[in-house]
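Single-letter residue listing:
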Amino acid sequence: MCAYVHEFECSNRGCLGNTDWCQQPFAWATALSHGCYKCWRAAGCPAPSPAELSLQQDQRTLLIMRLLAQTLTVCLAFSLCRSDHHGGQHATATLPPDHHSLHHGAEVDRCKGIEFDAVAVNELGVPYFFKGDHLFKGFHGEAKLSNETFAELDDHHHLGHVDAAFRMHSEDSPEHHDHQFFFLDDKVFSYYKHKLEDGYPKEISHMFPGIPDHLDAAVECPKPDCPSDTVIFFKGDDIYHFDIKTKKVDEKEFKGMPNCTGAFRYMGHYYCLHGHQFSKFDPITGDVHGKYPKETRDYFMRCSHFGKKSVEEHIERERCSRVHLDAITQEDDGDLYAFRGHHFLSVSGDKFHSDTIESAFKELHSEVDAVFSYEGHLHMIKDNKVFVYKVGEPHTHLDGYPKPLKEELGIEGPIDAAFVCADHHIAHVIKGQTVYDVDLKATPRVPVKEGPLTKFKKVDTGMCGPKGVIIVIGNHYYQFQSPMEMITSKAIPEQHNVAQELFGCDH
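What you see is a predicted model; the values in this text were computed from it and never measured. (Residues numbered from 1 in each chain as written. Predicted model: local features only at pLDDT ≥ 70, side-chain atom pairs only at ≥ 80, totals over all residues. Heavy atoms only, no water.)

Peer 1: What's the story with the state of the cysteines in this structure? I'm lost.
Peer 2: Every disulfide links exactly two cysteines, by a covalent bond between their sulfur atoms. Tallying each qualifying case throughout the model produces four disulfides. One disulfide in the model links cysteine 221 with cysteine 226; its S-S distance is 2.0 Å. Disulfide cysteine 221 to cysteine 226: torsion about the S-S bond roughly 95°, handedness right-handed. Each member of the pair, cysteine 221 as well as cysteine 226, carries the same accessibility label: buried. A disulfide bridge connects cysteine 320 with cysteine 505, and the sulfur atoms are separated by 2.0 Å. Taking the torsion about the S-S bond as the criterion, the cysteine 320 to cysteine 505 disulfide, at about 115°, is right-handed. Residue cysteine 320 is found in helix α8 (residues 311-320), and its partner cysteine 505 is found in the segment after α12 (498-502); the two are separated by 185 residues along the sequence. (Disulfide = S-S within 2.5 Å. Buried < 20%, exposed > 50% of the residue type's maximum accessible area, 1.4 Å probe, protein only. Helix = DSSP H or I, 4+ residues; strand = E, 2+ residues; numbered from the N terminus.)

Pasting the structure below:
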């Protein structure tokens, strides 16, 4: 039995076509343990006598037992030393940011400015950030092992990292459209809905002829962004445009852009990651327009505090971040408040202000689930509690709060969104795919199920203002004329860009 995996392992050990290998200690026993009978014969190695074989196997077993005992002794000593140094508490090693291969026991914190190995956006528009054998899904949350989502990436060859990745976009090639491709050394893996396709991994040169091994980055460039459906590959200074249909390769020179350690296409824009910074670039010319590079943690991560920034830099961060909003609300006078992680952005006319939530709402500290405006007050909901602030300079926290959400609105938390339209006293609360109405003038306040919101799987936040109801999902928002239309309409309205159309971000 010499399956593909075993043949790969045997060839790494020098088994095939190398008679010198036959003379190595325990060679025959090693071949037996890896199922390499055919490899042994192919190398021209003579089979040992039963006595020789038995001796080799006994020696090999004894050596393994000795090594195992030594390893356990070292691990025990190290564990005791660590435990004593940290007062007996468990400690997780944190590898340096530039460490290429972070392994199973490592603590990976993307807010410390690590350099990602690869980025790919899945079919739902969620970016996957790879570092070592870890994976971050989306803009916040802890790292998970890559093989929990893509088992064969690590289990197949134990390579432990991803060099480059992209999601194929080519409706002219339905057999590959919406498949995710991962590049590891000289191999390419193709996944569809997180399942490895039959026949993979393959040699990169077989699937993408003319493209080198050990890539730095890759990104899809579908029509009309590129003249034809194309994949852009990066390796050092070399740029390759690969035509998916013709398999023709055009080498390019992107003079205005640094070497990419990762690249991805998001919301119609192309981004090159280099270190913990990024640049937005033209996929055809490589030109970089605007003030770049920018800090990745400002726009693609949900991080709290790092580095010193000017007031203008804080405002730009919150206006242009690609991380979804936690909450948004609009006052009757048009002033708008948007909350994301530890920060908030306020907009009054053409004036912007940004600061930490803790600085303006110290009782709340950070991260809210929903916010709605009612009679000059901000009702801020976090988990199962409601905080109420009178709007002003500064905002005043009302005595007696926080109160339980169940007591205030009659609903168990957490909730996804809540809003009140101008001159009305009904709070519309979204929890999952259900919308509840709560009469704020009633005593006690009792939620009434208004109806299902089946057109969206999950809502990040929402508000009601002069333009009607706005529902925010990820980096987009959808506009309805009224809460009733939001529930009853069957069609999903036109998609709008949060950063550009709500906050006037120019990039």
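From this point, the narrative continues.
Peer 1: It is not clear to me how empty space enclosed by the protein should be interpreted in this structure. Could you clarify?
Peer 2: Gaps left between atoms are located by rolling a probe of water-molecule size over the structure's atoms. Counting across every chain of the model gives six cavities of 30 Å³ or more. As for the largest cavity, its lining consists of Asp298, Met301, Arg302, Cys303, Arg317, Glu318, Ser321, Val323, Arg340, Gly341, His342 and His343. Here the lining of the largest cavity is built from residues that sort into three nonpolar, four polar and five charged. In this structure, the second largest cavity encloses a volume near 60 Å³. Forming the boundary of the second largest cavity are Met267, His269, Tyr271, Cys320, Ser321, Arg322, Asn475, Asn497, Ala499, Gln500 and His507. At the level of elements, β15 (269-274) and α12 are the ones that each hand at least two residues to the lining of the second largest cavity. Of the residues assigned to the lining of the second largest cavity, the class counts are four nonpolar, six polar and one charged. (1 Å grid on protein atoms, 1.4 Å probe; cavity = no way out; pocket = protein on both sides within 12 Å on 5 of 7 lines; lining within 4 Å. Points joined across faces, edges and corners; volume = space filled by probe spheres on them. Nonpolar A, V, L, I, M, F, W, Y, C, P; charged D, E, K, R; others polar.)

Peer 1: I keep staring at the sheet that holds strand β27 (residues 417-420) and nothing clicks. Help me out?
Peer 2: For sheets, the rule is that strands pair by backbone hydrogen bonds, running either parallel or antiparallel. Sheet architecture is open: four strands sit in the order β27-β28-β29-β30, paired in antiparallel fashion. Of all strands in the sheet, those bounded by a partner on one side alone are β27 and β30 (447-452). When strand polarity is set aside, the average angle formed by the axes of neighbouring strands in this sheet is 25°. Of the strand pairs in this sheet, strand β29 (residues 434-439) and β30 are connected by five bridges, and their pairing is antiparallel. Pairing of valine 435 across the sheet is with glycine 451, part of β30. (Pairing = 2+ DSSP bridges. Axes fitted to C-alpha atoms, helices over the stretch in contact; angles between N-to-C directions.)

Peer 1: I'm lost on the pattern of salt bridges in this one. Help?
Peer 2: Between side chains of opposite charge, pairing is possible as soon as their charged atoms come close. Summed over the entire model, instances satisfying the criterion amount to 15 salt bridges. With its nearest N and O atoms 3.1 Å apart, the salt bridge here joins aspartate 172 to lysine 223. Taken together, the positions of aspartate 172 in the loop between β5 (164-167) and β6 (180-184) and lysine 223 in the loop between β10 (217-221) and β11 (230-235) put the pair 51 residues apart, joining distant regions of the chain. Among the ionic pairs, arginine 265 bridges to aspartate 225, the shortest N-O distance being 3.2 Å. Here arginine 265, found in strand β14 (residues 262-266), pairs with aspartate 225, found in the loop between β10 and β11; they are 40 residues apart in sequence, far enough to count as distant. (Salt bridge = Lys/Arg side-chain N within 4 Å of Asp/Glu carboxyl O.)

Peer 1: Explain the environment of lysine 390 here, please?
Peer 2: Within the element layout of this structure, lysine 390 appears in strand β24 (residues 385-390). The class of lysine 390 is partly exposed, set by a relative accessible area of 47%. The spacing of lysine 390 and histidine 377 is 13 residues in sequence and 4.5 Å in space, taken between C-alpha atoms. Ignoring sequence-local partners within four residues, the contact set of lysine 390 consists of Gly376, His377, His395, Thr396 and Leu398. (Contact = heavy atoms within 4.5 Å.)

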